[in-house]
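If you want the building blocks of each chain, they are given just below.
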Amino acid sequence: MLKFQGAFTAMITPMNPDCSVDYEGFRKNVKFQLEQGIDGLVPLGTTAETPTLDELPGQEEDKLISIVMEEVKEFERSTGKHIPVILGAGSNNTKDAVAYCERAKKVGADAALVVTPYYNKPSKEGIFRHFEAVSKVGIPVIVYNIAGRTGVNITTDTLERIAGLPNIAGVKEASGSISQMMDVIARIKSKKPDFAVFSGDDGLTLPLLSCGGDGVISVVSNLAPAPVVEMVRKGLEGDFAEARKIHYRLLPFFKAAFVDGNPTSIKYAMSVKNMPSGPCRLPLVEVTEAAKKVIEDALKECGL
């Protein structure tokens, strides 16, 4: 399997004022990411407002996938550099998650990002069997652990079982616990060096890198890919003095980018910088006036 490492952007889905998808804005954002040196892209994740996108054949999700794959392939042809695409493929219905993984494989994505089944609150055995089912599709799978959204934490012992399945390539750790991330590195990555351990929280990227992690699936890099890429590269190279400088420069925005939820906060920040973003679809709404000030102040403080 391809080794996944570096800074990957969890892409937003830009919207027009009427909340229709801004496809040309999305294409512009993808090109911006590639030009700024991003290591990989993650469309159709949580940050993309995927639960509100039309998934019928040929509709919104398929159109977004086509755009990102077209732009990445063109970039690869012109530069000779491979940019991995990890396509969001999660569901709390295992049958649907399998279908989304099959779609990711069909379109040529490098991996599928599969979140813990949410709302259902499955047992450890249920979580294992869910990932066992998607692992059989034959595309590398990045496990997405985010108890704050799913209601269930994937414990390290369960992840250790999952990691033993075929095609499990790594984990996006958004548990918020560095202790748990260290356990994952100690118990899983130490035995499977190519098992990627990504931070799912921008603010914890540097600590995770210092513990032996592989990078970040970032929200902040929607707006500022270049400094996030540089921070991760310095960390992977062991230059933590330089990585730390970038971390503390960006820290106010790491916080502000989630001040009133995600992707509401990052989309407002992007609108301030005149980047394609637009409104969010219900049930998400525009950030508060107080949050707008926090975001604007952080952008200025960070020099973004």
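What counts, and where the lines are drawn
- Residues numbered from 1 in each chain as written.
- Predicted model: local features only at pLDDT ≥ 70, side-chain atom pairs only at ≥ 80, totals over all residues.
- Heavy atoms only, no water.
- Axes fitted to C-alpha atoms, helices over the stretch in contact; angles between N-to-C directions.
- Helix = DSSP H or I, 4+ residues; strand = E, 2+ residues; numbered from the N terminus.
- Parallel < 35°, antiparallel > 145°, perpendicular 65-115°, else oblique.
- Left-handed = near helix turned anticlockwise from the far one by under 90°.
- Contact = heavy atoms within 4.5 Å.
- Nonpolar A, V, L, I, M, F, W, Y, C, P; charged D, E, K, R; others polar.
- Phe/Tyr/Trp six-rings, centres within 6.5 Å; stacked < 30°, edge-to-face > 60°.
- Buried < 20%, exposed > 50% of the residue type's maximum accessible area, 1.4 Å probe, protein only.
- Lys NZ or Arg CZ within 6 Å of the ring centre and 35° of its normal.

A. Spotlight on the packing of helix H3 (residues 94-107) against helix H4 (residues 124-135). For the pair H3 and H4, the least separation of the axes is 9 Å and the interaxial angle reads 30 degrees. With respect to H4, the element H3 is oriented roughly parallel. When the axes of H3 and H4 are compared, the crossing they make is right-handed. Mapping the contact onto sequence places Thr-94, Ala-97, Val-98 and Cys-101 in H3 and His-130, Ala-133 and Val-134 in H4. Here the contact of H3 with H4 is composed, by residue class, of five nonpolar, two polar and no charged.

B. How the structure looks around the packing of aromatic side chains. The full count for this structure, using the stated rule, is one aromatic pair. Judged by centre distance (5.2 Å) and plane angle (65 degrees), the rings of Phe-8 and Phe-198 are edge-to-face. Of the two residues, Phe-8 sits in strand E1 (residues 6-10) while Phe-198 sits in strand E7 (residues 196-199), which places them 190 residues apart along the sequence. Classification of Phe-8 by relative accessible area gives buried; the value is 1%. Seen from the ring of Phe-128, Arg-161 lies directly overhead, with NZ or CZ sitting 3.8 Å from the centre. A cation over an aromatic ring shows up here: Lys-172 above the ring of Tyr-144, its NZ or CZ 4.1 Å from the ring centre.

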